[in-house]
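Residue-level structure breakdown
If you want the building blocks of each chain, they are given just below.
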Amino acid sequence: MSSAPATPDLHTLQQYLQQHHGGDGNLAAQRTLDNYSRHHNQDFWAFWQHQTAAFEQPLQMLDLGCGAGQFLRDVALQHPDWHCTGVECAPYMLEHMVELPANARVVIDDLNQPHQAFDHNVSLIMANMLVHELHQPVALFRTIKSWLADDGLLILIDMVRQPLQSYMQHSHPDLTMLPRPELEYAFSQYAEHNRYSADDLQWLLSQCGFEVLQREDIRSGRAVRLVARAGKAG
Ligand SMILES: C[S@@+](CC[C@H](N)C(=O)[O-])C[C@H]1O[C@@H](n2cnc3c(N)ncnc32)[C@H](O)[C@@H]1O
C-alpha cells in the first residue's frame, strides 16, 4: 500500500524555493527588490486603493510571501494605525528585508502549513505571486478562512497558465541566443509559472468556501488578480 508523501520540513522547503528562485538566493532577493516598482505601478496602487478604501479603521493586514518586505513597508507607512504582518520563509529574502516601520513585522512560517493564529480578526490579506510557489494551496486557503474577519478580503495575484510562445516572447524574444543555463532556467520557470489557470485559482477558492468578488486579467493575460471574501461557513 502506498502512503501519502510527507510534507517537506522547513529546510527542505527552503532548498526547493532557492532552486525555484534560480539557485542563487541573493540574486533572487535582489531581483525582487529591483522589480518592486514595476510590479507595484500606478495601476496596481489604484487597484489596491479601490479595494481597501472602505477599510479605514485600525486593522490587521497580512502580506503572505512578503519577499524583501517593500509592499509591507509601504502599506504600513501609508496606514500608521494598521498592524501589518509579513510572512516569509526564504532566508535570503529575510536577509534582504527592508527597514520596517513600528507597525509592521515579519514572521517566519511555511505557508503550506501555517502555524500562525489570527482568530477571524484579519481584514486584508495579500498573496502576491505566492500561490504558484506553494505545493499545498488548499491548506493555506482553509487557514486563511479561519484568519479573515467577516468583511475581510483576500487579494490573490499570480501568474497563470499561458502558451509557451507568449510566456517566452515576453522575457526571451530569441530563445536561440540563450546560453544553456538560462535556457534551463527559462523552461523550469515556464513549468512552475504555468501551474494554474485563472479558472483553476477561482475554482480552488470557491471549493475552499470563498466568494470571488472580482477577477481581472493583467500583464496581457499572463497574470490574474482575484478579490475574494470568506463565505459565511468559515
Ligand atoms: C515571487 S515572490 C513574491 C514576493 C512579493 N510578494 C512580491 O510580490 O514582490 C514569492 C515569495 O513567497 C515566498 N514563499 C514561497 N513559498 C512560501 C512558503 N511556503 N512559506 C512562506 N513563504 C513562501 C518566497 O520565498 C518569495 O519571497
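Residue positions within a chain follow its written sequence, with the count starting from 1. Local features are withheld for residues below a pLDDT of 70 in this predicted model, meaning they are given only at 70 or higher, and side-chain atom pairs are given and counted only at 80 or more; totals for whole chains, interfaces and linings count all residues. Hydrogens and water molecules were not included; the side-chain quantities draw on all heavy atoms of the structure.

Per an unreviewed UniProt entry, the protein chain goes by the name Class I SAM-dependent methyltransferase and belongs to Parathalassolituus penaei.

Once that is clear, we can look at the site of the ligand. Near is defined per residue: the residue qualifies when any heavy atom it owns lies within 4 Å of the molecule or strand. The environment of the ligand is made up of 19 residues, and the closest members are G65, E88, D110, L111 and N128. Whenever two N or O atoms come within 3.5 Å, that pair is a polar contact, provided that in protein one can donate a hydrogen and the other can accept it, and provided that, for residues adjacent in sequence, both atoms are side-chain atoms. Within the contact set of the ligand, a nitrogen atom lies 2.8 Å away from a backbone nitrogen or oxygen of G65. Residues are grouped as follows: Ala, Val, Leu, Ile, Met, Phe, Trp, Tyr, Cys and Pro are nonpolar; Asp, Glu, Lys and Arg are charged; all remaining types, including Gly, are polar. In terms of residue class, the shell around the ligand is made up of nine nonpolar, six polar and four charged.

For the rest of this paragraph, the subject is the pairing of strand β7 (residues 223-230). Within β7, seven of the eight residues are buried, which leaves the element mostly enclosed by the surrounding structure. Note on pairing: two strands pair once DSSP finds at least 2 bridges between them. Elements are defined by DSSP. Helices are runs of H or I of four residues or more, strands are runs of E of two residues or more, and each kind is numbered from the N terminus. Note: strand β5 (residues 148-159) against β7, seven bridges, orientation antiparallel. Residue pairing across strands places I155 opposite V227, the latter belonging to β7. Here eight bridges tie strand β6 (residues 210-218) to β7, and the two strands are oriented antiparallel to one another. For D217, the partnering residue across the bridge sits in β7 and is V224. Joining the antiparallel neighbours β6 and β7 is a turn of four residues, in which R219 adopts a positive phi near 50°. Each residue's exposure class comes from its accessible area (1.4 Å probe, protein chains only) as a fraction of the maximum for that residue type: buried when under 20%, exposed when over 50%, partly exposed otherwise.

Okay, the packing of aromatic side chains next. Ring pairs are drawn from Phe, Tyr and Trp, using the six-membered ring of Trp, whenever the two centres fall within 6.5 Å, and their geometry is named by plane angle: stacked under 30 degrees, edge-to-face over 60, tilted for the rest. With the rule as written, the count across this model stands at seven aromatic pairs. Here the aromatic rings of F44 and W45 are separated by 5.1 Å at their centres, their planes lie at 80°, and the arrangement is edge-to-face. For the pair F44 and W45, one class covers both residues: buried. An aromatic cluster is defined as three or more aromatic residues linked by ring pairs; in this entry it consists of F44, W45, W48 and F71. Distance and angle both matter: a charge sits over a ring if NZ of Lys or CZ of Arg is within 6 Å of the ring centre and within 35 degrees of the ring normal. Taking the ring centre of F47 as reference, the NZ or CZ of R225 above it sits at 4.5 Å.

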